[in-house]
Amino acid sequence: MSTIVAILGTDRLRRLRAALTVLLATAVAVGAPFYFAPFQVFQLTMVLLYTVALAGLNLLVGFGGQISLGHGAFFAAGAYTAAVMLDRYDTGHLATLPAAAAGCFLLGFGFGVPALRLRGLYLALVTLSFAVFLTPLLKRLEPVTGGSMGLTVDKLQPPAWSGLAEDQWMYFVVLAITATALLLARNLLRSRAGRALRAVRDHESAAEVMGVRLSLHKTLAFAWSAMFAGVAGCLYTWVIGFVSPDSFSFVLSITLLAGLVVGGLASLYGPLLGAAFVMYVPSVSQDVSEAAPGVVFGLLIIAAMFVAPTGLAGLPGRVRGAVARRLPRTTATPDRGPETGSAPDARPDSQAEAGPSATLDPAGRPAAAAEPVGAPPRTEKE
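Residues numbered from 1 in each chain as written. Predicted model: local features only at pLDDT ≥ 70, side-chain atom pairs only at ≥ 80, totals over all residues. Heavy atoms only, no water.

**Q** Tell me what's going on with the overall build of the chain, and back it up with residues and numbers.
**A** Check the secondary structure of the chain and you find 15 helices and two strands. Residues classed as buried in the chain amount to 38% of the 382 residues present. A sequence separation of at least 24 residues applies to 74% of the contacts in the chain between residues at least 6 apart. In the form shown here, the chain has an accessible surface area of approximately 22700 Å², with 65% of it arising from carbon and sulfur atoms. (Helix = DSSP H or I, 4+ residues; strand = E, 2+ residues; numbered from the N terminus. Buried < 20%, exposed > 50% of the residue type's maximum accessible area, 1.4 Å probe, protein only. Contact = heavy atoms within 4.5 Å. Areas by Shrake-Rupley, 256 points an atom, 1.4 Å probe, with all protein chains shown as cover.)

Structure below.
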């Protein structure tokens, strides 16, 4: 009974801690655009939209166990879907979001067919090829995509009733979409489909024996991942207001994968930390060395993986474990009286005085010594 009460108390404490963490994070997120400068608010907005892209990649790589080096191509597909709709058809900004999500979902579902027969490095090469040939393809489709010059569209403007600047309004819009995307990913992983996805990652044969359809869940993993990337690309078009083929080279796919690994695979907080890494570390590398920023970026990745091999999301747990191992282990011993020995054969004083073979009667007095075998019985006078 006490164990059940302890477990319930631990769950209640964990929920209270999670609620306080969410409230604190919400307060910080809401107050950030009013405290920072416009350029810093723009950087935070980029971190949020990269978080959406990495959340989708985390579903595929972290929880699905499949390697993809073409995530930047789905990102570009969502960005160009929004840009073409805004430039060619003059639709509203909000109408481009579901179109980009649905289009990239179908594209990812179709592209997930190779995942049925390929795995590991072979699948990574196939996805990388998609990211490599997309850039020249966008340049060839000049009547639609604008060719090498790209497309310039209007940014999302704040309504008059909000009283917010353009960067602040864009930040709040992206923040709301990011929170919705993370909540959707969390619920998806807790559903039956999410459990099946992790079963496929851990052991395909065992998952198939349990009734999991490998072909369906593998293609759905690509579809979900591409949908999140398409939403992030659409947000990119809203924030930047310009798209070009050179902005979505295969380097973007590698950078996104590196950011997810540094942030932490199979972690709900890993995409946010990885997005911050993707956004800020290249800027820091440029400030440190303008001649060779790529070298500094690579060294920072090596340093991050050396400090946190499981990602930045797992770093607090490693620190707690290291501190717990270094703490001195002290064992408490009960206080003993001065006359009570610690030996297991210690006896009371009365028994010690009576001799080693003496026994005590119920009153605590020494009993008579044992009679030798064959001796005549003693009389009362004796």
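Text resumes after the structure shown.
**Q** Mind laying out the packing of aromatic side chains, listing which residues take part and the relevant values?
**A** Scanning the entire structure with this criterion turns up 16 aromatic pairs. Ring centres of Y236 and F248 lie 5.6 Å apart, and the angle between their planes is 70°; this geometry places the pair in the edge-to-face category. Remark: F248 occurs in the loop between β2 (242–243) and α11 (250–263) and Y236 occurs in helix α10 (residues 214–240); sequence separation between them is 12 residues. By relative accessible area, Y236 is classed as buried at 11%. Owing to a relative accessible area of 1%, F248 belongs among the buried residues under this scheme. Clustering of aromatic rings is evident, with ring pairs tying together Y50, F75, Y80, Y236 and F248. (Phe/Tyr/Trp six-rings, centres within 6.5 Å; stacked < 30°, edge-to-face > 60°.)

**Q** How would you summarise the nonpolar core if you had to cite specific residues and measurements?
**A** In terms of nonpolar packing, the biggest core is built from 78 residues, with L49, Y50, F75, F228, W238 and F248 touching the most fellow members. Sorting elements by how many residues they give to this core places α10 first, with 15 residues. Of all hydrophobic cores here, the second largest spans six residues; its members include V262, F277, I301 and A304. (Core = buried A, V, L, I, M, F, W, Y, C linked by side-chain atoms within 4.5 Å.)

**Q** Before we move on, can you summarise helix α3 (residues 71–88) with the specific residues and values?
**A** Between its first and last C-alpha, α3 extends 26 Å over 18 residues, near the 26 Å set by a 1.5 Å rise per residue. Burial within α3 is extensive, with 14 of its 18 residues counted as buried. Residue D90 follows α3 closely and has a positive phi angle near 55°. (Expected span 1.5 Å × (residues − 1).)

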